[in-house]
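Below are the chains, spelled out letter by letter.
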Amino acid sequence: MNELGQTEAQEGTAEGGTFRVPKTAELVANSIRLRIIQGELSEGDTLPPEGQLIEQFGISRPSLREAFRILETERLITVKRGSRSGAIVSLPKVESVSRYASYYLQASGVKVSDIYEARLALEPHVVRKLAKKPTAAAVKRLREEAGRLAGFYESDQERDYMMASARFHSVLMEVGGNATLHFLTRVLEDVIAQYQKRFVTTASEETDRKRGREKGVKSISKLIDLIEAGDVDAAEKHWLLHLTNTNKVWGSDKTLREVLAG
């Protein structure tokens, strides 16, 4: 028995079925994870030395290191080994989720077109919400991102344009004010970016890509004008058409696995 009041992992029975007592390392990992999630620990903070943590939790060194391995797997800490050893806090990141989401979608045989279609269920809703109550701050953010995107329109910087385009979609959802929808969009955009980076190497001639960039910039500028004007129905209809046309260009009946593995 240790300070945490738990024994090592074991299974038992209880009214209603079996139960599992968490291992000491899991309990320690839970305690540290909670401090990170609740904001007690910030990005880049260093956890106390091993000796101090061992004394604090009343556990063995192997149990503490197992707890560290759990948190490392979750990408919540980075352990530096050597003369300057220590555990550095790393806050949860969307990239970690999107990477796993990509693996899941590939393993599930999901088609590229399916991923693009998902945006149709999210973005028009947010556009409608923005147009209902347009704010100067939201419009300013959108115009700044549109300006950044336009900067890559003339030049042969297709990848940079795609990244700026993905950022515009993310900012659109961010200023929409729904944190959950913004998160879901960022995950989707990261997965889409993986596909687009592969796609651009086999895309059509640069003149066609430039024409597509020009149409995209104009379409986004029109969207912002409609939002600023408070034209709810027109803004939603325009963005639905924009996404539908984008899906025709980028969508594919191939699975994400086929594209990314090829």
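One can find the structure itself at the top, above this paragraph.
Thresholds applied
Residues numbered from 1 in each chain as written. Predicted model: local features only at pLDDT ≥ 70, side-chain atom pairs only at ≥ 80, totals over all residues. Heavy atoms only, no water. Axes fitted to C-alpha atoms, helices over the stretch in contact; angles between N-to-C directions. Helix = DSSP H or I, 4+ residues; strand = E, 2+ residues; numbered from the N terminus. Parallel < 35°, antiparallel > 145°, perpendicular 65-115°, else oblique. Left-handed = near helix turned anticlockwise from the far one by under 90°. Contact = heavy atoms within 4.5 Å. Salt bridge = Lys/Arg side-chain N within 4 Å of Asp/Glu carboxyl O. Buried < 20%, exposed > 50% of the residue type's maximum accessible area, 1.4 Å probe, protein only. Expected span 1.5 Å × (residues − 1).

**What about the packing of helix H6 (residues 123-132) against helix H8 (residues 158-175)?**
Phase 1 of the analysis: For the pair H6 and H8, the least separation of the axes is 9 Å and the interaxial angle reads 50°. On the basis of their axis angle, the class for H6 and H8 is oblique. Handedness of the crossing formed by H6 with H8: left-handed. Contacts between H6 and H8 involve Glu123, Val126, Val127 and Leu130 on the former and, on the latter, His169, Leu172, Met173 and Val175.

**Observations regarding the pattern of salt bridges**
Phase 1 of the analysis: Enumeration over the complete set of coordinates arrives at 15 salt bridges.
Phase 2 of the analysis: Across the pair Arg35 and Glu40 runs a salt bridge, and its minimum N-O distance is 3.4 Å.
Phase 3 of the analysis: Judged by its relative accessible area of 31%, Arg35 falls in the partly exposed class.
Phase 4 of the analysis: When its relative accessible area of 48% is taken as the criterion, Glu40 is described as partly exposed.
Phase 5 of the analysis: Across the pair Glu236 and Arg128 runs a salt bridge whose closest N-O atoms are separated by 2.8 Å. In this pair, Glu236 sits in helix H11 (residues 232-250) while Arg128 sits in helix H6, placing the two residues 108 residues apart along the sequence.
Phase 6 of the analysis: By sharing partners, the salt bridges in this structure join Glu50, Arg61 and Arg65 into a single network.

**Let's talk about the environment of Arg119**
Phase 1 of the analysis: Positionally, Arg119 belongs in helix H5 (residues 112-120).
Phase 2 of the analysis: For the pair Arg119 and Leu243, spaced 124 residues apart in sequence, the C-alpha separation works out to 7.7 Å.
Phase 3 of the analysis: Sequence-distant contacts of Arg119, that is, excluding residues within four places in its chain, are made with Pro124, His169, Leu188, Glu189, Ile192, Leu243, Thr246 and Asn247.

**Here's the deal with helix H1 (residues 24-37)**
Phase 1 of the analysis: A rise of 1.5 Å per residue sets the reference length of H1, with its 14 residues, at 20 Å; its end C-alpha atoms lie 20 Å apart and thus fit the reference within 8%.
Phase 2 of the analysis: Turning to H1, its buried residues number three or more, namely Thr24, Ala25, Leu27, Val28, Ala29, Ile32, Arg33 and Ile36.
Phase 3 of the analysis: Elements that come into contact with the buried residues of H1 comprise helix H2 (50-57), helix H3 (61-73), strand S3 (77-80) and strand S4 (86-89).
Phase 4 of the analysis: With its phi angle positive at about 85°, Gly39 sits one or two positions after the end of H1.

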